[in-house]
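Structural overview for review
For reference, the chains in residue letters:
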Amino acid sequence: MRNWLCPTTESAPLSRVHGRHRSPTGTGSAPAVGPNLILNSLWLMLVLCLVGPLMAADSPKGLKALDLGKKTKKAAPSEPKELKSIARLTAFNSWITSLAFSPDDKILAVGAKDAVQLIQVETKSVLRELNTKPGQVRALAFSPDGKLLLAGSYQRATVWTVATGEISQELKGHRGYVTSAAFSPDGQKVVTGCEDETARIWSLKEATPILELKGNGLPVNGVAWSPDGTLIAAAIGDDLRPTRQGKVSVWEAATGNLKHEFELHAKAATGVAFSPDGKTLASSSVDEHVNLYDLTDNKPLGFFAGHSRPTNAVLFYPDQETVISISGGRAVGKNELKVWQIDGGEELATVEAHEARITALALSHDGRTVATGGHDNTVVLWNVGFLAIGLPTAKVAAAGEDSAPANALLAADSGKAAAAVEGDPKKLRAGIIGLDTSHAIAFTKTLNAEKPNPAVAGCRMVAVYPKGSPDIESSTKRVPGYIEEMKKLNVEIVDSIEDLLTKVDVVFLETNDGRPHFEQLLPVLKAGKPCFIDKPIAASLTDAVAIFEAARKYNVPIFSSSSLRFGKNTLAVRGGLLGMVKRCETTSPASLEPTHPDLFWYGIHGVESLFTVMGTGCQTVTRGKTADGLIEVTGEWSGGRVGTYREGKGYTGTATGETGTSPVGSYDGYDPLVYEIIKFFRSGQPPVTEQETLEIYAFMEAADESKRQDGAKVTLESVLTKARAEAAKKIAELK
């Protein structure tokens, strides 16, 4: 099909670097030019500046704009939602050219000039940097099992082993920048697109190309593999020749035979994506549109024209109704991230996401986070969790054996979670086990307030089983008085955990003594009641491991945390305020209880703040003393990062990162924790992962082991290995 916006006689192509093969640095020498060529070029530039926007806004022949008045399955807002950023990562010294989430959503790979950084999503810290010289890394893709990372750069695609950071294979043969890459669904093959006007299918076993797919004399800017593995799609076009229309081609993956071809973009196509069911295709383009195609009937569906600059990438959301796209690249218009519906093209959300062209886009597999990268040298994480409402549970579960969200969603599947989606209006009846901590009173006052905060509205504390621990003096002294306070708050006092469970939907395990937690939790799990376990989660690392194993066995969501985790300054640093945190020191009181390891009883508060800032990855612990004889524990994290906990009078701390220092570790009241607990009860998704909680307790257990060994360095893996073996015996005894 001819370009409907151009004369029927095709113009001669503009002069360009032969074969479009730019140098690895993205620069090249310009050919000598005469005065006539300069004048002609200036005249052409003027014409394009005047006519280009009109061309881009025009409706292609055979394709129409999506009907914004059409009714949709998902109700659209009257005005698009303003997307909110979760974190803005700025510690990059060059353009961001590619992004990819690992299958378990724990790692975000960021491609830039000469390197890929593997970012731990939870802590926003750098786990590892892969040196990928030469040139920009313009393509990234994780293998389906998350063990491999494919990085496309100048004239090659490199396969890295994620766990070790070592090169597994190099796929050589392309004659320009590898612009895009994708793994086959079975992880045995990859497809790469390149400026050299080809796409290639490679066997990973032999590291050799199986098929070469031609771009018909135009660069291949984007590739995608269909979910069922049968098709490969490519976005084709030349942004250096604005009069040449773009094209989308679809080949059979097994034979390389052309199955579909759409020439409906006025300018170069820049990216392509399959819908989750493989029946619909989307493509982005320099013409500012995102086109949609029905692959079953081999016909175009329409285009979305909501962007004001060239569209550079597009993705489908797992609900199959929603599309996410980015734009940027011209002086006029905005650098935007948009979320919109397939049926009707209605915008659900939008934001001017970057100060310069947005070049990279990725969506987490749980459907809750979008990552964007741009020419402003930043990566931004955006909250799109509102789209997950109504999404089938399996599609928002994070991958990975030890994934707490995945465990929680299994519970939601079996009807054991209090609510399946955020914002569920169902009223929740909450109950308490244990009444020997002030937390129980404080939490109840927040929930049962005459005018409760909207974050907890609909959840009320209705019953409590008050028994404490007879061998802990603070417990026996508190319980009688707290019973009277609970009665004043209209909370029923019951005689057993079994009785409590008949009256409540969700449970707060508040017994101050961690020793009985495992036994007290078991009937809660068997009843399928989501449970928050207050600090300490247990009185031993073995029981902490056993608690999570039991929750997994019964498919019930749980989590544990100190309120110190949710201090404002602590969360700000965790969210990327300082970039990667290199050093952190926290302080809290550490009163001891002979029945518990030293830090479990009260030092947990300061240790929780430390891990909130540093995240997982602590490898060794050394215990010593401060100058005045108080507890001091130093942990060494991967990447040479260091975190220290010290016993002290108040809740304080300091974090040092790439961009400066900040106070951390403050206590900002109980309410932020309560809000997170109720959100957890409603969604079934813990705000703290099992991995991080167990690493916190392994840190404290290793500190005691270091003390027993006169300050020797102790690995967290050693204490965890022992605890897991002992916990397995306890779990094996469960009926």
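Residues numbered from 1 in each chain as written. Predicted model: local features only at pLDDT ≥ 70, side-chain atom pairs only at ≥ 80, totals over all residues. Heavy atoms only, no water.

**A closer look at the overall build of the chain**
- Across its full length, the chain carries 13 helices and 40 strands.
- Looking at the 735 residues of the chain, the share that counts as buried comes to 57%.
- Counted over contacts in the chain with a minimum sequence separation of 6, partners at least 24 positions apart contribute 61%.
- With an accessible surface of roughly 30,000 Å², the chain has 52% of that area assigned to carbon and sulfur atoms. (Helix = DSSP H or I, 4+ residues; strand = E, 2+ residues; numbered from the N terminus. Buried < 20%, exposed > 50% of the residue type's maximum accessible area, 1.4 Å probe, protein only. Contact = heavy atoms within 4.5 Å. Areas by Shrake-Rupley, 256 points an atom, 1.4 Å probe, with all protein chains shown as cover.)

**Section: the sheet that holds strand β4 (residues 107–111)**
- Strand order in the open sheet formed by four strands is β3-β4-β5-β6, and the pairing between neighbours is antiparallel. Both outer strands of the open sheet, β3 (98–101) and β6 (125–136), are each paired with one neighbouring strand and no more. Between one strand axis and the next, the sheet turns by 15 degrees as a mean value, whatever way the strands run.
- In the sheet, β4 pairs with strand β5 (residues 113–120) via five bridges, with the strands oriented antiparallel. Across the sheet, I107 pairs through a bridge with Q120, a residue of β5. (Pairing = 2+ DSSP bridges. Axes fitted to C-alpha atoms, helices over the stretch in contact; angles between N-to-C directions.)

**Considerations on the sheet that holds strand β1 (residues 81–82)**
- Here five strands make up an open sheet; going across it, the order is β1-β24-β23-β22-β21 and the pairing mixed. With one partner strand each, in any of the chains shown, β1 and β21 (311–316) form the two edges of the open sheet.

**Digging into the environment of P209**
- Among the secondary structure elements, P209 is positioned in strand β12 (residues 208–214).
- Distance from P209 to G173, taken between C-alpha atoms, is 8.6 Å for residues 36 residues apart in sequence.
- The residues touching P209, leaving out its near neighbours within four places in the chain, are R200, I201 and W202.

**Re the pattern of salt bridges**
- Taken as a whole and assessed by the stated rule, the structure comprises 31 salt bridges.
- Measuring nitrogen to oxygen at the nearest pair gives 2.9 Å for the salt bridge that ties K477 to E473. A residue pair is termed a helical-turn pair when its members lie 3 or 4 positions apart in one helix, as K477 and E473 do in helix α4 (residues 473–488) at four residues. Comparing K477 with E473, the two get one shared label, exposed.
- Residues E636 and K713 are paired through a salt bridge, measuring 3.2 Å at the closest nitrogen-oxygen approach. Residue E636 is located in strand β36 (residues 631–637), and its partner K713 is located in the loop between α12 (690–708) and β40 (714–715); the two are separated by 77 residues in the primary sequence.
- Residues participating in the shared-partner salt-bridge network are E122, R565, R574, E608 and E692. (Salt bridge = Lys/Arg side-chain N within 4 Å of Asp/Glu carboxyl O.)

**Regarding the confidence of the model for the chain**
- With 84% of its residues at a pLDDT of 70 or more, the chain has an overall mean of 84.
- The least confident element of the chain, judged by mean pLDDT, is helix α2 (residues 404–413) at 31; the most confident is strand β37 (residues 642–647) at 98.
- Counted against residues more than four places away or in other chains, residues 68–77, with its pLDDT under 50, gives 22 contacts.
- Here residues 390–425 is a poorly scored stretch, pLDDT under 50, and it has 78 contacts once near neighbours within four places are set aside; other chains count. (pLDDT = per-residue confidence, 0-100.)

**Side note on the packing of aromatic side chains**
- Taken as a whole, this structure holds 16 aromatic pairs when the rule is applied.
- Arranged with centres 6.1 Å apart and planes meeting at 45 degrees, the rings of Y651 and Y667 form a pair that is tilted. Taken together, the positions of Y651 in the loop between β37 and β38 (652–657) and Y667 in the loop between β39 (660–663) and α11 (671–683) put the pair 16 residues apart, joining distant regions of the chain.
- Chaining the aromatic ring pairs together yields one cluster made of F443, F508, F532, F559, Y651, Y667, Y670, F680 and F681. (Phe/Tyr/Trp six-rings, centres within 6.5 Å; stacked < 30°, edge-to-face > 60°.)

**A closer look at unusual backbone geometry**
- Cis geometry marks the peptide bond from K535 to P536, where omega comes out at -15 degrees.
- Positionally, P536 belongs in the loop between β32 (531–534) and α7 (541–554).
- Unlike most non-glycine residues, A207 shows phi in positive territory, near 55 degrees.
- Take A207: it is sitting in the loop between β11 (198–203) and β12.
- Its identity as a non-glycine residue notwithstanding, N555 has a phi of 55 degrees, on the positive side.
- In this fold, N555 is placed in the loop between α7 and β33 (558–561).

**Overview of α4**
- Along its length, α4 reaches its greatest deviation from straightness, about 35 degrees, at V479, and the proline P480 lies no more than four positions downstream.
- Of the residues making up α4, those classed as buried are S475, V479, Y482, I483 and M486.
- Turning to α4, the residues buried within the fold contact β28 (428–433), α3 (438–447), β29 (459–465) and β30 (492–493).
- Backbone geometry just downstream of α4 places N490 in the positive-phi region, at approximately 65 degrees. (Bend = angle between axes of the 7 residues up to and from the residue.)

**Thoughts on the nonpolar core**
- Judged by nonpolar contacts, the single largest core of 67 residues is most densely connected at L599, F699 and M700.
- The greatest single-element share of this core, amounting to nine residues, is contributed by α7.
- Non-local contacts of F699, meaning those with residues more than four positions away in its chain, are made with V607, L610, F611, C618, V621, V633, G635, W637 and L716.
- Among the nonpolar cores identified, the runner-up in size contains 29 residues, and L428, V456, L673 and I678 belong to it. (Core = buried A, V, L, I, M, F, W, Y, C linked by side-chain atoms within 4.5 Å.)

**Topic: the side chain of K247**
- Examined against the element boundaries, K247 turns out to sit in strand β15 (residues 246–252).
- Here K247 falls in the buried class, since its relative accessible area comes to 7%.

**As for empty space enclosed by the protein**
- Scanning all chains against the criterion turns up four cavities of 30 Å³ or more.
- Size it by volume and the largest cavity reaches roughly 80 Å³.
- What lines the largest cavity is L89, T90, A91, F92, Q117, I119, K124, V126, G579, M580 and E658.
- For the lining of the largest cavity, a count of residues per class yields six nonpolar, three polar and two charged. (1 Å grid on protein atoms, 1.4 Å probe; cavity = no way out; pocket = protein on both sides within 12 Å on 5 of 7 lines; lining within 4 Å. Points joined across faces, edges and corners; volume = space filled by probe spheres on them. Nonpolar A, V, L, I, M, F, W, Y, C, P; charged D, E, K, R; others polar.)

**Quick look at the environment of E79**
- Looking at the element boundaries, E79 is found in the loop between α1 (35–57) and β1.
- E79 sits in the exposed class, given a relative accessible area of 59%.
- A C-alpha to C-alpha distance of 7.7 Å links E79 and L348, two positions 269 residues apart in sequence.

**A few points about α11**
- With 13 residues, α11 should reach 18 Å at 1.5 Å per residue; the first-to-last C-alpha distance of 18 Å fits that figure.
- Within the span of α11, buried status applies to L673, V674, I677, I678, F680, F681, R682 and S683.
- Positive backbone phi, at 80 degrees, marks G684, one or two positions downstream of α11. (Expected span 1.5 Å × (residues − 1).)

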